[in-house]
Amino acid sequence: MSGHYFSESPDSDLRPREIRAMLGGAERTVRTAGGVFSPEHLDRGTEVLLRALAAAPPAGRVLDIGCGWGPIALDAALASAAAGVDAEVWGIDVNERARTLAAENARALDLGTVRIASPDEVPGDLRFDEIRSNPPIRVGKAALHEILGTWLPRLAPGGTAYLVVAKHLGADSLQRWIGETFPELAVDRMARDKGFHVLRAQRD
């Protein structure tokens, strides 16, 4: 599966390119490439998530699980900077090509508060005030549950996770699983649009 976007080292053609994407309330130029998630455009699920969160710039420490070339992490950092609030944004991905692109895009946008890392590079004692993610559903249910089982417990007290999931790819079942697996999290559906659901999981 080395050609998939969730591979550590994708072997697909690099084919670097620049695209325009709405991030932080404005159109930005970013770099993408083959072998990462949605290299041609901002995907619909991410668009839905960013619209749902547009009026809520994050503060504190934010985590993007499966950051790809960086749209969610970049948007969070841009929104918090525009609002004059401090946010330390972490974008994590197993895909080294995605991490390189996300870091390059953060530098190009002068976002010094963005940290891009592999999952095992995140210090074990870090807790996050928000998780904002379009999680890698296509890795399969067991792998997805393992990923979320690692990071949802890293929410700080009072923290909230926002996850966008396509309805036909199991948004309803994932909402049930989170509620059953993490009784400390109150889970609801924050928004729905174009066949995508934004799930919100809030920690007491």
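Quick caveat: nothing in here was measured; it's all calculated off a predicted structure. (Residues numbered from 1 in each chain as written. Predicted model: local features only at pLDDT ≥ 70, side-chain atom pairs only at ≥ 80, totals over all residues. Heavy atoms only, no water.)

**Q** Kindly report on the overall build of the protein, identifying the contributing residues and their values.
**A** A tally of helices and strands in the protein yields 5 helices and 9 strands. Listing the helices and strands of the protein from first to last along the sequence gives β-β-α-β-α-β-α-β-β-α-β-α-β-β. In summary, the protein has a C-alpha radius of gyration of 16 Å against a globular reference of 17 Å for 204 residues, a match within 12%. Seen through its principal axes, the protein has C-alpha atoms that stretch 45 × 40 × 35 Å. Buried positions account for 49% of the 204 residues belonging to the protein. Counting contacts in the protein only where the partners sit at least 6 residues apart, residues at least 24 apart contribute 72% of the total. For the protein, the accessible area works out to roughly 9,400 Å², and carbon and sulfur atoms hold 49% of it. With 24 positive and 28 negative side-chain charges, the protein shows a separation of 5 Å between the mean positions of the two kinds. (Helix = DSSP H or I, 4+ residues; strand = E, 2+ residues; numbered from the N terminus. Rg over C-alpha atoms; globule rule 2.2 N^0.38 Å. Buried < 20%, exposed > 50% of the residue type's maximum accessible area, 1.4 Å probe, protein only. Contact = heavy atoms within 4.5 Å. Areas by Shrake-Rupley, 256 points an atom, 1.4 Å probe, with all protein chains shown as cover. Lys, Arg positive; Asp, Glu negative; His and termini not counted. Charge placed at Lys NZ, Arg CZ, Asp CG, Glu CD.)

**Q** So what's going on with the packing of helix α1 (residues 44-52) against helix α2 (residues 71-82)? Residues and values would help.
**A** Between α1 and α2, the least distance of the axes is 11 Å, while the angle of their chain directions is 20°. Regarding the angle of α1 to α2, the classification is roughly parallel. As for the relative orientation of α1 and α2, their crossing is right-handed in sense. Counted together, T46, L49 and L50 of α1 and P71, I72 and D75 of α2 form the full contact between these two elements. Here the contact of α1 with α2 is composed, by residue class, of 4 nonpolar, 1 polar and 1 charged. (Axes fitted to C-alpha atoms, helices over the stretch in contact; angles between N-to-C directions. Parallel < 35°, antiparallel > 145°, perpendicular 65-115°, else oblique. Left-handed = near helix turned anticlockwise from the far one by under 90°. Nonpolar A, V, L, I, M, F, W, Y, C, P; charged D, E, K, R; others polar.)

**Q** So, the nonpolar core: which residues are in play, and what are the values?
**A** Counting residues in each nonpolar core, the largest one holds 31 residues, and the members touching the most others are L23, L49, W69, V89 and L111. Counting only elements with at least two residues in this core, the list comes to β1 (17-23), α1, α2, β4 (87-92), α3 (96-108), β7 (155-166) and β9 (196-203). Broken down by element, this core gets its largest block of residues, 6 residues, from α2. Excluding residues that lie within four positions of it along the chain, L23 makes contacts with R28, V30, L50, W69, P71, L74, D75 and L78. Core analysis: the second largest hydrophobic core is formed by 26 residues, I65, A117, L126 and V165 among them. (Core = buried A, V, L, I, M, F, W, Y, C linked by side-chain atoms within 4.5 Å.)

**Q** I'd like a description of empty space enclosed by the protein, backed by residues and values.
**A** One pass over the structure, following the stated rule, counts 1 cavity of 30 Å³ or more. In this structure, the largest cavity encloses a volume near 100 Å³. Among the residues forming the lining of the largest cavity, the class breakdown is 6 nonpolar, 6 polar and 2 charged. (1 Å grid on protein atoms, 1.4 Å probe; cavity = no way out; pocket = protein on both sides within 12 Å on 5 of 7 lines; lining within 4 Å. Points joined across faces, edges and corners; volume = space filled by probe spheres on them.)

**Q** Could you give an account of the pattern of salt bridges, with specific residues and numbers?
**A** Enumeration over the complete set of coordinates arrives at 9 salt bridges. Where E104 meets R31, a salt bridge forms, and the shortest distance between an N and an O atom there is 2.5 Å. Highlighted residues: E104 in helix α3 and R31 in strand β2 (residues 26-32), separated in sequence by 73 residues. Residue classification places R31 among the partly exposed positions, given a relative accessible area of 32%. Within this structure, K167, D172 and R189 form a network of salt bridges that share partners. (Salt bridge = Lys/Arg side-chain N within 4 Å of Asp/Glu carboxyl O.)

**Q** Talk me through the UniProt feature "domain: Methyltransferase small" (unreviewed entry) in the protein; I want residue IDs and the actual numbers.
**A** The sites that UniProt annotates as "domain: Methyltransferase small" (unreviewed entry) are residues 28-199. Counted over residues 28-199, helix gives 33% and strand 30%. Its end C-alpha atoms are 27 Å apart. (UniProt positions renumbered as here; feature names shortened; annotations may be inferred.)

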